[in-house]
There are 2 protein chains.
Amino acid sequence: MRKPEPRPRPAVYLAGPEVFLRDGIELGRRKKEMCARYGFEGLFPLDWDGAGDAGAAADRRIYRACLAMMRAADLAVLNLTPFRGPSADVGTVLELGFLAGLGKPVFAYSNDARDLIDRLRALGPATRDAAGGLWRDAADIAIEDHGNADNLMLDMTLAEQGHPIIRHAARPEERYHDLAGFEACLAQAAAALAAG
Amino acid sequence: MRKPEPRPRPAVYLAGPEVFLRDGIELGRRKKEMCARYGFEGLFPLDWDGAGDAGAAADRRIYRACLAMMRAADLAVLNLTPFRGPSADVGTVLELGFLAGLGKPVFAYSNDARDLIDRLRALGPATRDAAGGLWRDAADIAIEDHGNADNLMLDMTLAEQGHPIIRHAARPEERYHDLAGFEACLAQAAAALAAG
(Lines give C-alpha, C1' and ligand atoms only; values in the text may rest on other atoms or scores of the structure.)
Protein backbone atom coordinates (compact mmCIF):
# COMPACT_ATOMS: atom_id res chain seq x y z
CA MET A 1 0.00 0.00 0.00
CA ARG A 2 1.17 3.51 -0.80
CA LYS A 3 1.60 5.83 2.10
CA PRO A 4 -0.64 8.90 1.85
CA GLU A 5 1.31 11.97 0.79
CA PRO A 6 1.63 14.55 3.52
CA ARG A 7 -0.98 17.23 2.95
CA PRO A 8 0.88 20.40 1.97
CA ARG A 9 0.44 23.33 4.31
CA PRO A 10 -1.49 26.29 2.85
CA ALA A 11 0.99 28.95 1.73
CA VAL A 12 0.54 32.46 3.17
CA TYR A 13 2.05 35.47 1.38
CA LEU A 14 3.48 37.83 4.02
CA ALA A 15 3.17 41.44 2.88
CA GLY A 16 4.23 44.55 4.76
CA PRO A 17 6.75 47.36 5.10
CA GLU A 18 9.09 45.25 7.26
CA VAL A 19 11.07 44.59 4.07
CA PHE A 20 12.44 48.13 4.51
CA LEU A 21 13.63 47.58 8.11
CA ARG A 22 17.19 46.77 9.14
CA ASP A 23 15.93 43.59 10.83
CA GLY A 24 13.48 42.70 8.08
CA ILE A 25 14.90 39.21 7.54
CA GLU A 26 14.62 38.45 11.28
CA LEU A 27 11.02 39.74 11.30
CA GLY A 28 10.26 37.49 8.34
CA ARG A 29 11.77 34.54 10.20
CA ARG A 30 9.55 35.26 13.22
CA LYS A 31 6.48 35.53 10.99
CA LYS A 32 7.27 32.25 9.23
CA GLU A 33 7.71 30.49 12.60
CA MET A 34 4.30 31.74 13.69
CA CYS A 35 2.83 30.58 10.38
CA ALA A 36 4.17 27.08 11.00
CA ARG A 37 2.54 27.01 14.46
CA TYR A 38 -0.82 27.73 12.79
CA GLY A 39 -0.31 25.06 10.12
CA PHE A 40 0.76 27.45 7.36
CA GLU A 41 3.86 27.93 5.24
CA GLY A 42 4.93 31.58 5.14
CA LEU A 43 6.21 33.11 1.89
CA PHE A 44 8.29 36.20 2.69
CA PRO A 45 9.38 38.64 -0.05
CA LEU A 46 12.98 38.90 1.22
CA ASP A 47 13.36 35.14 0.58
CA TRP A 48 12.91 35.72 -3.15
CA ASP A 49 15.25 34.05 -5.59
CA GLY A 50 15.73 36.29 -8.60
CA ALA A 51 18.19 33.93 -10.28
CA GLY A 52 15.80 33.24 -13.15
CA ASP A 53 15.88 36.91 -14.16
CA ALA A 54 19.63 37.36 -14.08
CA GLY A 55 19.60 40.00 -16.83
CA ALA A 56 16.88 42.17 -15.29
CA ALA A 57 17.38 45.15 -13.00
CA ALA A 58 16.80 44.65 -9.27
CA ASP A 59 13.37 46.34 -9.19
CA ARG A 60 12.06 44.13 -11.99
CA ARG A 61 13.47 40.97 -10.37
CA ILE A 62 11.89 41.84 -7.01
CA TYR A 63 8.55 42.64 -8.66
CA ARG A 64 8.49 39.39 -10.61
CA ALA A 65 9.43 37.37 -7.54
CA CYS A 66 6.68 38.98 -5.46
CA LEU A 67 4.13 38.36 -8.20
CA ALA A 68 5.18 34.72 -8.48
CA MET A 69 4.88 34.32 -4.68
CA MET A 70 1.42 35.93 -4.66
CA ARG A 71 0.23 33.67 -7.47
CA ALA A 72 1.61 30.62 -5.63
CA ALA A 73 0.05 31.63 -2.29
CA ASP A 74 -3.25 30.21 -1.05
CA LEU A 75 -3.93 33.31 1.03
CA ALA A 76 -2.14 36.39 2.38
CA VAL A 77 -1.66 38.33 5.61
CA LEU A 78 -0.87 42.01 5.08
CA ASN A 79 0.54 44.60 7.46
CA LEU A 80 -1.39 47.83 6.81
CA THR A 81 0.22 49.85 9.63
CA PRO A 82 0.60 53.49 8.46
CA PHE A 83 3.95 54.08 6.79
CA ARG A 84 5.55 57.48 6.04
CA GLY A 85 2.20 59.23 6.33
CA PRO A 86 -1.39 58.66 7.42
CA SER A 87 -1.96 55.54 5.30
CA ALA A 88 -0.50 52.08 4.71
CA ASP A 89 2.64 51.36 2.66
CA VAL A 90 1.68 51.68 -1.02
CA GLY A 91 3.67 48.59 -1.99
CA THR A 92 1.62 46.52 0.45
CA VAL A 93 -1.59 48.16 -0.76
CA LEU A 94 -0.72 47.34 -4.39
CA GLU A 95 -0.34 43.73 -3.30
CA LEU A 96 -3.65 43.78 -1.41
CA GLY A 97 -5.39 44.92 -4.58
CA PHE A 98 -3.55 42.40 -6.74
CA LEU A 99 -4.43 39.49 -4.44
CA ALA A 100 -8.08 40.60 -4.31
CA GLY A 101 -8.08 40.81 -8.12
CA LEU A 102 -6.81 37.22 -8.20
CA GLY A 103 -9.66 36.26 -5.85
CA LYS A 104 -7.36 35.10 -3.01
CA PRO A 105 -8.41 35.27 0.66
CA VAL A 106 -6.73 38.23 2.36
CA PHE A 107 -6.32 39.05 6.07
CA ALA A 108 -4.83 42.29 7.36
CA TYR A 109 -3.83 44.14 10.51
CA SER A 110 -2.73 47.61 11.48
CA ASN A 111 -0.64 48.47 14.51
CA ASP A 112 -2.38 51.85 14.73
CA ALA A 113 -5.88 51.35 16.18
CA ARG A 114 -7.21 54.80 15.25
CA ASP A 115 -9.62 55.73 12.47
CA LEU A 116 -8.02 57.40 9.44
CA ILE A 117 -9.89 60.61 10.21
CA ASP A 118 -8.55 60.76 13.76
CA ARG A 119 -5.01 60.22 12.48
CA LEU A 120 -5.46 63.01 9.93
CA ARG A 121 -7.00 65.38 12.45
CA ALA A 122 -4.02 64.75 14.73
CA LEU A 123 -1.65 65.69 11.87
CA GLY A 124 -3.20 69.06 11.05
CA PRO A 125 -6.25 71.30 11.22
CA ALA A 126 -9.49 70.03 9.69
CA THR A 127 -12.81 71.76 9.22
CA ARG A 128 -16.30 70.56 8.50
CA ASP A 129 -18.47 71.91 5.64
CA ALA A 130 -21.54 71.92 7.90
CA ALA A 131 -23.04 69.79 10.65
CA GLY A 132 -23.07 66.28 9.23
CA GLY A 133 -21.07 67.43 6.18
CA LEU A 134 -17.68 66.42 4.84
CA TRP A 135 -14.48 66.97 6.79
CA ARG A 136 -11.69 68.72 4.88
CA ASP A 137 -7.98 69.06 5.62
CA ALA A 138 -5.93 72.27 5.49
CA ALA A 139 -5.58 71.86 1.69
CA ASP A 140 -9.42 71.79 1.40
CA ILE A 141 -9.31 68.10 0.43
CA ALA A 142 -12.08 65.87 1.78
CA ILE A 143 -11.29 63.39 4.55
CA GLU A 144 -13.28 60.17 4.56
CA ASP A 145 -15.39 59.74 7.69
CA HIS A 146 -16.69 56.18 7.54
CA GLY A 147 -15.07 54.94 10.75
CA ASN A 148 -12.47 53.02 8.78
CA ALA A 149 -8.82 52.33 9.57
CA ASP A 150 -7.70 53.70 6.18
CA ASN A 151 -9.14 54.61 2.75
CA LEU A 152 -12.44 52.75 2.32
CA MET A 153 -11.14 50.75 -0.64
CA LEU A 154 -8.65 49.08 1.73
CA ASP A 155 -11.08 48.48 4.60
CA MET A 156 -13.85 47.22 2.35
CA THR A 157 -11.56 44.78 0.51
CA LEU A 158 -11.13 43.01 3.85
CA ALA A 159 -14.63 43.58 5.20
CA GLU A 160 -16.31 42.21 2.08
CA GLN A 161 -14.40 38.97 2.60
CA GLY A 162 -15.88 38.77 6.10
CA HIS A 163 -12.83 39.71 8.14
CA PRO A 164 -12.24 43.45 8.61
CA ILE A 165 -8.77 44.89 9.27
CA ILE A 166 -7.63 43.88 12.76
CA ARG A 167 -6.55 47.00 14.64
CA HIS A 168 -4.03 46.80 17.45
CA ALA A 169 -2.69 49.72 19.46
CA ALA A 170 1.00 48.83 19.48
CA ARG A 171 3.45 50.86 21.54
CA PRO A 172 5.06 53.49 19.26
CA GLU A 173 8.51 51.90 19.55
CA GLU A 174 7.01 48.52 18.57
CA ARG A 175 5.05 49.92 15.62
CA TYR A 176 6.69 47.67 13.03
CA HIS A 177 7.70 44.81 15.33
CA ASP A 178 4.60 44.01 17.40
CA LEU A 179 3.14 40.80 15.93
CA ALA A 180 -0.05 40.53 18.03
CA GLY A 181 -2.20 41.73 15.12
CA PHE A 182 -0.34 39.43 12.78
CA GLU A 183 -1.02 36.44 15.02
CA ALA A 184 -4.71 37.41 15.26
CA CYS A 185 -4.83 37.30 11.44
CA LEU A 186 -3.32 33.81 11.42
CA ALA A 187 -5.93 32.64 13.94
CA GLN A 188 -8.64 34.21 11.78
CA ALA A 189 -7.26 32.52 8.66
CA ALA A 190 -6.99 29.13 10.37
CA ALA A 191 -10.59 29.39 11.57
CA ALA A 192 -11.77 30.45 8.08
CA LEU A 193 -10.00 27.46 6.50
CA ALA A 194 -11.35 25.05 9.12
CA ALA A 195 -14.88 26.34 8.40
CA GLY A 196 -14.26 25.56 4.71
CA MET B 1 -29.91 44.76 -44.93
CA ARG B 2 -29.23 45.30 -41.28
CA LYS B 3 -27.20 48.33 -40.43
CA PRO B 4 -23.99 47.40 -38.66
CA GLU B 5 -24.22 48.12 -34.93
CA PRO B 6 -22.02 50.99 -33.82
CA ARG B 7 -18.83 49.59 -32.36
CA PRO B 8 -18.90 50.35 -28.61
CA ARG B 9 -16.13 52.60 -27.40
CA PRO B 10 -13.63 50.91 -25.05
CA ALA B 11 -14.45 51.85 -21.46
CA VAL B 12 -11.70 53.46 -19.38
CA TYR B 13 -11.87 53.41 -15.57
CA LEU B 14 -10.70 56.80 -14.27
CA ALA B 15 -8.92 56.39 -10.93
CA GLY B 16 -7.35 59.09 -8.81
CA PRO B 17 -7.61 61.30 -5.73
CA GLU B 18 -9.72 63.92 -7.55
CA VAL B 19 -12.75 62.24 -5.95
CA PHE B 20 -11.70 64.05 -2.74
CA LEU B 21 -11.59 67.52 -4.33
CA ARG B 22 -14.33 70.13 -4.13
CA ASP B 23 -14.46 70.21 -7.95
CA GLY B 24 -14.12 66.45 -8.36
CA ILE B 25 -17.27 66.10 -10.46
CA GLU B 26 -16.08 68.87 -12.82
CA LEU B 27 -12.66 67.20 -13.12
CA GLY B 28 -14.40 63.92 -13.92
CA ARG B 29 -16.43 65.67 -16.60
CA ARG B 30 -13.24 67.10 -18.16
CA LYS B 31 -11.62 63.67 -18.09
CA LYS B 32 -14.64 62.01 -19.72
CA GLU B 33 -14.66 64.67 -22.48
CA MET B 34 -11.00 63.95 -23.18
CA CYS B 35 -11.75 60.22 -23.23
CA ALA B 36 -14.43 60.80 -25.89
CA ARG B 37 -11.96 62.73 -28.04
CA TYR B 38 -9.65 59.68 -27.99
CA GLY B 39 -12.47 57.25 -28.81
CA PHE B 40 -13.02 56.04 -25.24
CA GLU B 41 -15.88 56.07 -22.77
CA GLY B 42 -14.74 57.27 -19.34
CA LEU B 43 -16.08 55.60 -16.18
CA PHE B 44 -15.69 57.99 -13.24
CA PRO B 45 -16.23 56.80 -9.62
CA LEU B 46 -18.35 59.83 -8.64
CA ASP B 47 -20.88 58.77 -11.30
CA TRP B 48 -21.60 55.56 -9.36
CA ASP B 49 -25.16 54.50 -8.79
CA GLY B 50 -25.42 52.73 -5.48
CA ALA B 51 -29.17 52.27 -5.72
CA GLY B 52 -28.81 48.50 -5.93
CA ASP B 53 -27.27 48.40 -2.45
CA ALA B 54 -29.79 50.63 -0.71
CA GLY B 55 -29.39 48.84 2.63
CA ALA B 56 -25.60 49.04 2.73
CA ALA B 57 -23.53 51.78 4.35
CA ALA B 58 -21.99 54.44 2.07
CA ASP B 59 -18.47 52.98 2.16
CA ARG B 60 -19.71 49.55 1.10
CA ARG B 61 -21.86 51.00 -1.68
CA ILE B 62 -18.96 53.08 -3.05
CA TYR B 63 -16.62 50.08 -2.88
CA ARG B 64 -19.06 47.82 -4.72
CA ALA B 65 -19.73 50.46 -7.37
CA CYS B 66 -15.98 50.98 -7.99
CA LEU B 67 -15.42 47.24 -8.23
CA ALA B 68 -18.27 46.87 -10.71
CA MET B 69 -16.86 49.74 -12.81
CA MET B 70 -13.39 48.20 -12.78
CA ARG B 71 -14.74 44.81 -13.83
CA ALA B 72 -16.73 46.46 -16.63
CA ALA B 73 -13.79 48.56 -17.85
CA ASP B 74 -11.60 47.52 -20.77
CA LEU B 75 -8.64 49.47 -19.42
CA ALA B 76 -7.82 52.12 -16.80
CA VAL B 77 -5.95 55.40 -16.47
CA LEU B 78 -4.76 56.11 -12.93
CA ASN B 79 -3.54 59.33 -11.32
CA LEU B 80 -0.57 58.39 -9.12
CA THR B 81 0.34 61.95 -8.10
CA PRO B 82 1.59 61.91 -4.49
CA PHE B 83 -1.24 62.46 -2.01
CA ARG B 84 -0.90 63.37 1.68
CA GLY B 85 2.69 62.14 1.77
CA PRO B 86 5.50 61.00 -0.52
CA SER B 87 3.46 58.34 -2.35
CA ALA B 88 0.27 57.96 -4.38
CA ASP B 89 -3.25 57.85 -2.91
CA VAL B 90 -3.71 54.37 -1.40
CA GLY B 91 -7.25 54.05 -2.76
CA THR B 92 -5.93 54.55 -6.29
CA VAL B 93 -3.06 52.13 -5.60
CA LEU B 94 -5.51 49.48 -4.36
CA GLU B 95 -7.33 49.88 -7.65
CA LEU B 96 -4.11 49.65 -9.68
CA GLY B 97 -3.35 46.32 -8.00
CA PHE B 98 -6.90 45.05 -8.42
CA LEU B 99 -6.96 45.91 -12.14
CA ALA B 100 -3.56 44.26 -12.63
CA GLY B 101 -4.84 41.18 -10.81
CA LEU B 102 -7.77 41.09 -13.23
CA GLY B 103 -5.27 41.29 -16.10
CA LYS B 104 -6.58 44.62 -17.44
CA PRO B 105 -4.34 47.11 -19.31
CA VAL B 106 -3.37 49.98 -17.00
CA PHE B 107 -1.88 53.39 -17.80
CA ALA B 108 -0.78 55.90 -15.17
CA TYR B 109 0.63 59.37 -14.67
CA SER B 110 2.04 61.44 -11.85
CA ASN B 111 2.04 65.22 -11.70
CA ASP B 112 5.27 65.09 -9.66
CA ALA B 113 8.17 64.31 -12.01
CA ARG B 114 10.69 63.50 -9.28
CA ASP B 115 12.01 60.11 -8.19
CA LEU B 116 10.57 58.80 -4.90
CA ILE B 117 14.01 59.04 -3.31
CA ASP B 118 14.39 62.72 -4.25
CA ARG B 119 10.97 63.47 -2.81
CA LEU B 120 11.85 61.68 0.43
CA ARG B 121 15.26 63.36 0.68
CA ALA B 122 13.50 66.73 0.28
CA LEU B 123 11.17 65.84 3.18
CA GLY B 124 13.86 64.99 5.73
CA PRO B 125 17.44 63.91 6.34
CA ALA B 126 18.62 60.66 4.77
CA THR B 127 21.88 58.80 5.16
CA ARG B 128 23.60 56.11 3.20
CA ASP B 129 24.91 52.88 4.75
CA ALA B 130 28.10 53.08 2.65
CA ALA B 131 29.08 54.09 -0.87
CA GLY B 132 26.69 52.23 -3.15
CA GLY B 133 24.68 51.03 -0.13
CA LEU B 134 21.07 51.58 0.91
CA TRP B 135 19.67 55.01 1.70
CA ARG B 136 17.79 55.29 5.01
CA ASP B 137 15.45 57.95 6.34
CA ALA B 138 15.57 59.58 9.78
CA ALA B 139 13.69 56.57 11.24
CA ASP B 140 16.43 54.25 9.89
CA ILE B 141 13.99 52.81 7.33
CA ALA B 142 15.39 51.99 3.88
CA ILE B 143 14.47 54.20 0.93
CA GLU B 144 14.24 52.50 -2.44
CA ASP B 145 16.78 53.83 -4.94
CA HIS B 146 15.77 52.33 -8.29
CA GLY B 147 15.06 55.59 -10.11
CA ASN B 148 11.32 55.01 -9.84
CA ALA B 149 8.48 57.50 -9.39
CA ASP B 150 7.13 55.59 -6.37
CA ASN B 151 7.43 52.19 -4.66
CA LEU B 152 8.76 49.70 -7.20
CA MET B 153 5.60 47.59 -7.08
CA LEU B 154 3.70 50.53 -8.56
CA ASP B 155 6.26 51.46 -11.21
CA MET B 156 6.84 47.88 -12.29
CA THR B 157 3.11 47.13 -12.64
CA LEU B 158 3.06 49.75 -15.38
CA ALA B 159 6.53 49.09 -16.80
CA GLU B 160 5.89 45.35 -17.19
CA GLN B 161 2.89 46.19 -19.36
CA GLY B 162 5.19 48.22 -21.62
CA HIS B 163 4.14 51.72 -20.60
CA PRO B 164 5.91 53.15 -17.52
CA ILE B 165 4.32 55.84 -15.35
CA ILE B 166 4.20 59.12 -17.29
CA ARG B 167 5.77 61.86 -15.16
CA HIS B 168 4.79 65.47 -15.63
CA ALA B 169 6.11 68.41 -13.61
CA ALA B 170 2.85 70.24 -12.96
CA ARG B 171 2.88 73.64 -11.30
CA PRO B 172 2.22 73.16 -7.57
CA GLU B 173 -1.14 74.96 -7.71
CA GLU B 174 -2.18 72.69 -10.62
CA ARG B 175 -1.04 69.48 -8.89
CA TYR B 176 -4.47 67.82 -9.00
CA HIS B 177 -5.93 69.68 -11.97
CA ASP B 178 -3.26 69.55 -14.68
CA LEU B 179 -4.43 66.93 -17.19
CA ALA B 180 -1.38 66.87 -19.53
CA GLY B 181 -0.19 63.55 -18.06
CA PHE B 182 -3.71 62.20 -18.21
CA GLU B 183 -3.97 63.08 -21.90
CA ALA B 184 -0.58 61.49 -22.57
CA CYS B 185 -1.96 58.27 -21.03
CA LEU B 186 -4.98 58.39 -23.33
CA ALA B 187 -2.71 58.83 -26.36
CA GLN B 188 -0.60 55.87 -25.13
CA ALA B 189 -3.73 53.75 -24.63
CA ALA B 190 -5.15 54.64 -28.06
CA ALA B 191 -1.82 53.71 -29.70
CA ALA B 192 -1.66 50.44 -27.76
CA LEU B 193 -5.19 49.51 -28.84
CA ALA B 194 -4.50 50.47 -32.47
CA ALA B 195 -1.41 48.22 -32.41
CA GLY B 196 -3.67 45.40 -31.22
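Residues numbered from 1 in each chain as written. Chains lettered and ligands numbered in written order. Predicted model: local features only at pLDDT ≥ 70, side-chain atom pairs only at ≥ 80, totals over all residues. Heavy atoms only, no water.

A closer look at the relation of the copies chain A and chain B
To keep it simple, the criterion reads: A least-squares superposition brings the copies together, and it is based on the C-alpha atoms of residues with pLDDT no lower than 70 in both. Any two residues whose heavy atoms approach within 4.5 Å at even a single point are treated as in contact.
Aligned on chain B, chain A shows an RMSD of 0.0 Å; the corresponding rotation is 180 degrees and the shift along the axis is 0.0 Å. On the angle and the small slide along the axis, the relation comes out as a two-fold axis. A share of 100% of interface residues in chain A that are also interface residues in chain B marks the association as one of identical surfaces.

Observations concerning the pattern of salt bridges
What counts here: What makes a salt bridge here is a side-chain nitrogen of Lys or Arg within 4 Å of a carboxyl oxygen of Asp or Glu, nothing more. Here a strand is any run of E in DSSP of at least two residues, a helix any run of H or I of at least four, and the numbering for each starts at the N terminus. When a residue's accessible area, from a 1.4 Å probe over protein chains only, is under 20% of the maximum for its type it is buried; when over 50% it is exposed; and in between it is partly exposed.
All told, the structure shown has 32 salt bridges over all chains when counted by the stated rule. Between Asp145(A) and Arg128(A) there is a salt bridge whose closest N-O contact spans 3.8 Å. Placement of the pair is Asp145(A) in the loop between strand 7 (142-143) and helix 5 (152-159) and Arg128(A) in strand 5 (residues 126-128), with a sequence separation of 17 residues. Note that Asp47(B) and Lys32(B) form a salt bridge whose closest N and O atoms lie 2.4 Å from each other. Taken together, the residues span a long stretch of sequence, with Asp47(B) in the loop between strand 2 (41-43) and helix 2 (58-72) and Lys32(B) in helix 1 (residues 24-37) at a distance of 15 residues. Taking the relative accessible area as the measure of exposure, Asp47(B) reaches 42% and is therefore partly exposed. Here the salt bridges share partners, and the residues they tie into one network are Arg22(A), Asp129(B), Arg136(B) and Asp140(B).

Description of the side chain of Lys31(B)
Residue and element names in this part refer to chain B. This is how the line gets drawn: Here a polar contact means two N or O atoms within 3.5 Å. Within protein one must be a hydrogen donor candidate and the other an acceptor candidate, and residues neighboring in sequence count only if both atoms are side-chain atoms.
Relative to the helices and strands, Lys31 resides in helix 1. In this structure the side chain of Lys31 is engaged in a polar contact, spanning 3.0 Å, whose partner is the side chain of Tyr109. In this view, Lys31 contacts Leu14, Ala15, Glu18, Asn79, Tyr109, Leu179 and Phe182; residues no more than four positions away in its chain are not counted.

A few points about the side chain of Arg136(A)
Structurally, Arg136(A) is set in strand 6 (residues 135-137). For Arg136(A), the side chain forms a polar contact with the side chain of Asp129(A), separated by 3.0 Å. Dropping the residues within four chain positions of it, Arg136(A) is found in contact with Pro125(A), Ala126(A), Thr127(A), Asp129(A), Ile141(A), Ala142(A), Ile143(A), Phe20(B), Leu21(B) and Arg22(B).

Here's the deal with unusual backbone geometry
In this model, Arg84(A) sits at a positive phi of 50 degrees, which is unusual for a non-glycine residue. By the secondary structure assignment, Arg84(A) is in the loop between strand 3 (75-79) and helix 3 (90-101).

Describing the sheet that holds strand 6 (residues 135-137) of chain B
Residue and element names in this part refer to chain B. To be explicit about the condition: Any two strands between which DSSP finds at least two bridges are classified as paired.
Here 3 strands make up an open sheet; going across it, the order is 5-6-7 and the pairing antiparallel. Looking at the sheet topology across the chains shown, the edges are occupied by strand 5 (126-128) and strand 7 (142-143). As paired elements, strand 6 and strand 7 share 2 bridges and run antiparallel to each other. The residue of strand 7 that forms the bridge with Trp135 is Ile143.

Comments concerning the packing of aromatic side chains
Residues and elements named next belong to chain A. Under the convention used in this document: Stacked, edge-to-face and tilted are the three classes for Phe, Tyr and Trp ring pairs, Trp counted by its six-membered ring, which pair at centre distances within 6.5 Å; planes under 30 degrees apart are stacked, over 60 edge-to-face, the rest tilted. Charge-over-ring contacts are defined here by two conditions on Lys NZ or Arg CZ: a distance within 6 Å of the ring centre and an angle within 35 degrees of the ring normal.
All chains considered together, the criterion is met by 6 aromatic pairs over all chains. Aromatic side chains Phe83 and Tyr176 sit 6.1 Å apart centroid to centroid with 75 degrees between the ring planes, which places their arrangement in the edge-to-face category. Of this pair, Phe83 sits in the loop between strand 3 and helix 3 while Tyr176 sits in the loop between strand 8 (166-167) and helix 6 (180-194), placing them 93 residues apart in sequence. On the basis of relative accessible area, Tyr176 is assigned to the buried category, the value being 14%. Put simply, the rings of Phe20, Phe83 and Tyr176 touch in pairs and so form one group of aromatic residues. It is Arg121 that lies over the ring of Trp135; its NZ or CZ is 3.9 Å from the centre.

Some thoughts on empty space enclosed by the protein
Condition: Using a grid of 1 Å spacing that covers the protein atoms alone, one calls a set of points a cavity when a 1.4 Å probe fits there but cannot get out, and a pocket when the set is open and has protein on both sides within 12 Å along at least five of seven lines; lining residues are those with an atom within 4 Å of a point. Grid points are joined across faces, edges and corners, and a volume is the space filled by probe spheres set on the points.
Under the criterion given, the structure shown has 5 cavities of 30 Å³ or more. Space inside the largest cavity adds up to approximately 340 Å³. In terms of lining, the largest cavity is formed by 29 residues, of which the most central are Ala88(A), Val90(A), Ser87(B), Ala88(B) and Val90(B). When residues of the lining of the largest cavity are traced back to their parent elements, those giving at least two are helix 4 (116-123) of chain A together with helix 4 (116-123) and strand 7 of chain B.

With respect to the pairing of strand 3 of chain A
All names here are of chain A. A large share of strand 3 lies buried, amounting to 5 of its 5 residues. Every second residue of strand 3 is oriented toward a common face, with Leu75, Val77 and Asn79 on one face and Ala76 and Leu78 on the other, all of them buried. With 4 bridges joining them, strand 1 (residues 11-15) and strand 3 adopt parallel strand pairing. Of the residues in strand 3, the one forming a bridge with Tyr13 is Ala76.

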